[in-house]
Amino acid sequence: MSKLTIRDATPADEAPWRTLWDAYLDFYEVDLAPGITAATWARLMDPTSPLKARLAFNGDRLAGFAIQQNHPSSWVAGDDCYLEDLYVDASARGHGTGRALIDDLIALAREKGWHRLYWHTDHGNARARALYDSYTETDGHVRYRIPL
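Remember, predicted model here, so these are calculated numbers, not experimental data. (Residues numbered from 1 in each chain as written. Predicted model: local features only at pLDDT ≥ 70, side-chain atom pairs only at ≥ 80, totals over all residues. Heavy atoms only, no water.)

### What to know about the overall build of the protein
When helices and strands are tallied, the protein shows four helices and five strands. Along the protein, helices and strands appear, N-terminal first, in the series β-α-α-β-β-β-α-β-α. Here the C-alpha radius of gyration of the protein, 15 Å, is about what a compact globule of 148 residues would show, namely 15 Å. Along the longest, intermediate and shortest principal axes, the C-alpha atoms of the protein span 40 × 35 × 30 Å. (Helix = DSSP H or I, 4+ residues; strand = E, 2+ residues; numbered from the N terminus. Rg over C-alpha atoms; globule rule 2.2 N^0.38 Å.)

What follows is the structure in structure tokens.
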């Protein structure tokens, strides 16, 4: 595996990102309307949107992405960073891409003065949870979601 490069998503990255995004949705057995994916990409490209994507490249091939947003917090005098989506291409797993994306977000959060980085994952996603557990223990919170 060549050296990994991580950077912000650019408009030229849309096609390879969509390929990985579709694989991510397949992994979670989710079927989103094409308009939702288009809106997500538009938000990622909007400089005023808090939703951002960091992309990991192995050479010129997209190996993974981390979609995050920072937001004010009522628990600290500053902002938090929420890692909303993390995905590594199946062929790139086990080579440190997921860890590199998380490390990149930690460095970015520290650089920007954000106070915490947090995320959720599916209880049954054992491979991802093993990576996440290497950073910190779960805080014991349970997520509730009401579709509106």
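### Comments concerning the pattern of salt bridges
Counting across every chain of the model gives six salt bridges. Between aspartate 8 and arginine 54 there is a salt bridge, and its shortest N-O distance comes to 2.8 Å. One end of the pair, aspartate 8, is in strand S1 (residues 4-8); the other, arginine 54, is in strand S2 (residues 51-58), with 46 residues separating them in the sequence. Here aspartate 8 falls in the partly exposed class, since its relative accessible area comes to 44%. Its salt-bridge partner being arginine 116, residue aspartate 80 comes within 2.7 Å of it at the nearest N-O pair. Placement of aspartate 80 in strand S4 (residues 79-88) and of arginine 116 in strand S5 (residues 116-119) is noted, with a sequence separation of 36 residues between them. The exposure class of aspartate 80 is buried, given its relative accessible area of 3%. (Salt bridge = Lys/Arg side-chain N within 4 Å of Asp/Glu carboxyl O. Buried < 20%, exposed > 50% of the residue type's maximum accessible area, 1.4 Å probe, protein only.)

### Overview of the sheet that holds S1
With mixed pairing, the five strands of this open sheet are ordered in space as S1-S2-S3-S4-S5. The open sheet has two free edges, formed respectively by S1 and S5, since each of these has just one partner strand. The average undirected angle you get between the axes of adjacent strands in this sheet is 25°. Together, S2, strand S3 (61-72) and S4 form the strand contacts of helix H1 (residues 14-27), whose direction differs from that of S3 by roughly 80°. (Pairing = 2+ DSSP bridges. Axes fitted to C-alpha atoms, helices over the stretch in contact; angles between N-to-C directions. Contact = heavy atoms within 4.5 Å.)

### Details of helix H4 (residues 126-133)
For H4, every residue scored as buried is listed here: Ala128, Leu131 and Tyr132. The buried residues of H4 occupy one face: seen down the axis, they fall within an arc of 95°. Among the exposed residues of H4, those pointing more than 90 degrees away from its buried face are Ala126 and Arg127. At its buried positions, H4 is contacted by S4, helix H3 (97-112) and S5. (Arc of directions from axis to C-beta.)

### Focus on a negative patch on the surface
A surface patch of negative charge is lined by Asp22, Asp26, Glu29 and Asp31. Within the fold, aspartate 26 resides in helix H1. Look at aspartate 26 and you get exposed, because its relative accessible area is 58%. (Patch = residues over 30% accessible without salt bridge, like charges linked within 9 Å, V, L, I, M, F, W, Y side chains within 5 Å. Areas by Shrake-Rupley, 256 points an atom, 1.4 Å probe, with all protein chains shown as cover. Lys, Arg positive; Asp, Glu negative; His and termini not counted. Charge placed at Lys NZ, Arg CZ, Asp CG, Glu CD.)

### Quick look at the confidence of the model for the protein
Low pLDDT marks regions whose predicted coordinates should not be analysed in detail. Residues with a pLDDT of 70 or more make up 99% of the protein, whose mean pLDDT is 93. At the level of individual helices and strands, the protein shows its lowest average pLDDT in H4, which scores 86, and its highest in helix H2 (residues 34-45), which scores 98. (pLDDT = per-residue confidence, 0-100.)

### A short note on the environment of serine 49
With respect to the helices and strands, serine 49 occurs in the loop between H2 and S2. Taking the C-alpha atoms as reference points, serine 49 and glutamine 69, 20 residues apart in sequence, are found 8.6 Å from one another. Side-chain polar atoms of serine 49 contact the backbone nitrogen of leucine 51, separated by 3.1 Å. (Polar contact = N/O pair within 3.5 Å; in protein donor to acceptor, adjacent residues only side chain to side chain.)

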